[in-house]
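Survey of secondary and tertiary structure
Listed below, chain by chain, are the residues.
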Amino acid sequence: GESNDGHNGQDSAATSATASTSTPTPSCPPWQTSLYAREGDSIRSYCWYPLMNSYHPPPCAFLACSRDQPIHLIDAYTSKIRASYRPYNALDEMESPSVITFTPDGSRIFASGFKTDRTIHVFDTAIPGRDCSNVLRLGKTRRSKDGQRGIVSALAFPGGGNGSGSGSGSG
């Protein structure tokens, strides 16, 4: 991915995989791992903080989610968890999403792609923990005609964040 300050990040490093050193060429020095984040399982989704600036450490962070783990806000310099956000389903069980994103201003976190609930959880970035500011319902079942079908696999904020969009393999 590319951060807002124009510096390229190394996507594989953000997803907890160590980058192997590439074969150096005269015009391209070898790549070195610059970030390593350890999660409980493979990373399902990650998202860089939209106001990140590599020259100013406080906003240098990204979200990551993996199976059976809460959503983590991870410091891009130290790889330490700054905050955790815990989405709970209708059975009062913590459930990991398969897709996460920030709003363009970084004030909220949207999480979806849950196996048991047809929801989008919206967290206030400044309030970690279990409490969501809002839970949006997508329809009664995956086959319902009253909402989006399938498990959500993408979330976006087109046009600068005045609305949101979600997508699934089923439409």
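Structure: see above.
Position labels on residues start from 1 in each chain and follow its written sequence. The predicted origin of the model limits local features to residues at a pLDDT of at least 70 and limits the giving and counting of side-chain atom pairs to 80 or more, whereas totals for whole chains, interfaces and linings rest on all residues. Neither water nor hydrogens contribute to the side-chain values; these are computed over all heavy atoms in the structure.

Comments concerning the overall build of the chain
Segments assigned H or I by DSSP are reported as helices when at least four residues long, segments assigned E as strands when at least two residues long, and all are numbered from the N terminus. When its secondary structure is counted, the chain shows one helix and ten strands. Each helix and strand of the chain, ordered N terminal to C terminal, gives the series α-β-β-β-β-β-β-β-β-β-β. A burial count over the chain gives 38% of its 171 residues as buried. Here the analysis covers contacts within the chain between residues at least 6 apart in sequence; of these, 39% occur between residues at least 24 apart. Three labels apply to residues, based on accessible area from a 1.4 Å probe with only protein chains included: buried if under 20% of the type maximum, exposed if over 50%, partly exposed otherwise in between. Contact criterion: two residues are considered in contact whenever any of their non-hydrogen atoms come within 4.5 Å of each other.

Quick word on the nonpolar core
The tendency in soluble globular proteins is for nonpolar side chains to be buried side by side. Core analysis: the biggest nonpolar cluster contains 14 residues, and Leu63, Ile71, Leu73, Tyr85, Ile100, Phe102 and Ile109 have the highest contact counts within it. Those elements giving two or more residues to this core turn out to be strand E2 (61-66), strand E3 (71-75), strand E4 (81-85), strand E5 (99-102) and strand E6 (108-112). In terms of residue count, E2 provides more of this core than any other element does, three residues in total. When neighbours within four sequence positions are excluded, Phe102 is seen to be in contact with Cys47, Trp48, Tyr49, Pro50, Leu63, Leu73, Arg108, Ile109, Thr125 and Phe157. Grouping buried Ala, Val, Leu, Ile, Met, Phe, Trp, Tyr and Cys residues that are joined through side-chain atoms within 4.5 Å yields what is termed a nonpolar core. Val99, Val122, Val152 and Phe157 belong to the second-largest nonpolar core, a separate cluster that totals eight residues.

Re the environment of Tyr77
For Tyr77, the position within the fold is in the loop between E3 and E4. If we ignore the near neighbours within four places in the chain, the residues touching Tyr77 are Ser54, Tyr55, Pro57 and Cys60. Under the rule applied, a polar contact is a pair of N or O atoms within 3.5 Å (in protein, one hydrogen donor and one hydrogen acceptor; residues adjacent in sequence only if both atoms are side-chain atoms). In terms of polar contacts, Tyr77 uses its side chain to reach the backbone carbonyl oxygen of Ser54, at 2.3 Å.

Focus: the pairing of E6
Counting buried positions over the five residues of E6 gives four, a clear majority of the element. What makes two strands pair is DSSP finding at least two bridges between them. Note: E6 against strand E7 (residues 119-124), four bridges, orientation antiparallel. Across the sheet, Phe110 pairs through a bridge with Val122, a residue of E7. Once E6 ends, the chain turns through six residues before running back antiparallel as E7, passing Gly113 with a positive phi of about 85°.

Things to note about the sheet that holds E2
Taken in spatial order, the four strands line up as E1-E2-E3-E4 in an open sheet, and their pairing is antiparallel. In this open sheet, the two strands that pair with only one neighbour each are strand E1 (43-48) and E4. Ignoring which end each strand starts from, the neighbouring axes of this sheet average 20° apart. Of the strand pairs in this sheet, E2 and E3 are connected by four bridges, and their pairing is antiparallel. Residue pairing in the sheet places Leu63 in a bridge with Leu73 of E3. Helix axes use the C-alpha atoms of the stretch in contact, all axes being lines fitted to C-alpha atoms, and the angles between their N-to-C directions lie in the range 0 to 180 degrees.

Considering the sheet that holds E6
Sheet strands line up and pair through hydrogen bonds in the backbone, either parallel or antiparallel. Read from one edge of the open sheet, four strands run E5-E6-E7-E8, paired in antiparallel fashion. Only two strands of the sheet have a single neighbouring strand rather than two, namely E5 and strand E8 (134-137). For this sheet, the mean angle separating the axes of adjacent strands, direction not counted, is 20°. Pairing of E7 with E8 involves four bridges; the strand directions are antiparallel. Following the sheet pairing, Thr119 is matched in E8 by Arg137.

Digging into the side chain of Thr119
Inspection of the secondary structure puts Thr119 in strand E7. In terms of polar contacts, Thr119 uses its side chain to reach the side chain of His121, at 3.4 Å. What Thr119 contacts, discounting residues up to four positions off in sequence, is Ala111, Ser112, Phe114, Val135, Leu136, Arg137 and Leu138.

Regarding the environment of Gly106
Note on placement: Gly106 falls in the loop between E5 and E6. For the pair Gly106 and Asp124, spaced 18 residues apart in sequence, the C-alpha to C-alpha distance is 9.1 Å.

From the geometry alone we can't say anything about function, so treat these as descriptive.
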